[in-house]
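# Close look at the chain arrangement
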Amino acid sequence: MDQGEAERGGILHAISNKRNEIRHRRTLNLTYRIIVGVVGTLVLAVGILAIPYPGPGWLIVFAGLGILATEFAWAHRLLTFAKGKYDAWMVWVKEQHWSVQALLALATFAIVLGTMWLLGALELAAGWVGIEWAWLQSPIL
């Protein structure tokens, strides 16, 4: 074992010891679990919102579930289940004809464009270049 592995092991051991100390103090443990629950839920919510957009939406979802899984068994089971389904979906998509892949990409693009329109981002961006079309205005803002 090299020095880097020993340091990582030492850090993980120290974190584990600190968590065990917290676990034995009822009020502090409840507070810790609530904080982990709130942070994990917020990260998970951001990830779910980011899924249809280009970028790390699913990574954020799995990070949120990973945070929750540090304290909650249900989240660990859900994380395992979700990763399995995600991997199966990606295998299925890769096995499809290019036309199916293109249709899926087009559907993703439509979702992104639709939510950008609903949130007023299209009108904002069009305004930057001097386009003032009425249909770009968000129906909800």
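Below, the structure is looked at part by part.

The rules we used
One numbering rule holds for all chains: residues counted from 1, following each sequence as written. Owing to the predicted nature of the model, reporting of local features is limited to residues with pLDDT of at least 70; listing and counting of side-chain atom pairs is limited to 80 or more, with chain, interface and lining totals taken over all residues. To get the side-chain values, take all heavy atoms of the structure and skip hydrogens and water. A pair is scored as a salt bridge if a Lys or Arg side-chain nitrogen falls within 4 Å of a carboxyl oxygen belonging to Asp or Glu. Only runs of H or I of at least four residues qualify as helices and only runs of E of at least two qualify as strands under DSSP, and these elements are numbered from the N terminus. Throughout this description, buried means an accessible area under 20% of the type-specific maximum (1.4 Å probe, protein chains only), exposed means over 50%, and partly exposed covers the range between. Convention adopted: a line fitted to C-alpha atoms gives each axis, helices being fitted over their contacting stretch, and angles between N-to-C directions are expressed from 0 to 180 degrees. When describing relative orientation, an angle under 35 degrees is termed roughly parallel and one over 145 degrees roughly antiparallel, while 65 to 115 degrees is termed roughly perpendicular and anything else oblique. We call a crossing left-handed when the near helix sits turned anticlockwise from the far one by less than a right angle, and right-handed when that turn is clockwise. Two residues qualify as a contact provided that any one of their heavy atoms is within 4.5 Å of a heavy atom in the partner residue. Between the rings of Phe, Tyr and Trp (Trp by its six-membered ring), a pair exists once the centres lie within 6.5 Å; its type follows the angle of the planes, with under 30 degrees stacked, over 60 edge-to-face, and the other angles tilted. What a helix is expected to span follows from its residue count: subtract one and scale by 1.5 Å.

Moving on: the pattern of salt bridges. Pairing of side chains with opposite charge becomes possible as their charged atoms draw close. Applying the stated criterion across every chain, the model contains three salt bridges. The salt bridge partner of Glu21 is Lys18, with a shortest N-O separation of 3.5 Å. Taken together, the residues span about one helical turn, with Glu21 and Lys18 both in helix 1 (residues 3–23) at a distance of three residues. In this structure Glu21 comes out as partly exposed when scored by relative accessible area, which is 47%. Lys18 gets classed as partly exposed once you look at its relative accessible area, which sits at 48%. The shortest N-O distance in the salt bridge between Arg19 and Glu71 comes to 2.7 Å. Taken together, the residues Arg19 in helix 1 and Glu71 in the loop between helix 3 (57–69) and helix 4 (73–95) connect sequence positions 52 residues apart. For Arg19, a relative accessible area of 11% corresponds to the buried category. One network of salt bridges, with partners in common, ties together Arg19, Arg33 and Glu71.

Attention now goes to the packing of helix 3 against helix 4. Where helix 3 contacts helix 4, the two axes come as close as 7 Å, and the packing angle between them is 155 degrees. The angle between helix 3 and helix 4 places the two elements in the roughly antiparallel class. Two packed elements cross with a definite hand, and for helix 3 against helix 4 that hand is left-handed. Contact residues: helix 3 offers Trp58, Phe62, Leu65, Gly66, Leu68 and Ala69, while helix 4 offers Trp74, Ala75, His76, Leu78, Leu79, Ala82, Lys83 and Tyr86.

By convention here, two paired aromatic rings are described through the distance between centres and the angle between planes. In this structure the tally under the stated criterion is six aromatic pairs. One aromatic cluster in this structure is built from Trp58, Phe62 and Tyr86.

Once that is clear, we can look at helix 5 (residues 98–118). The end-to-end C-alpha separation of helix 5 is 30 Å, in line with the 30 Å expected for 21 residues at 1.5 Å each. Gly120 lies just past helix 5 and shows a positive phi near 85 degrees.

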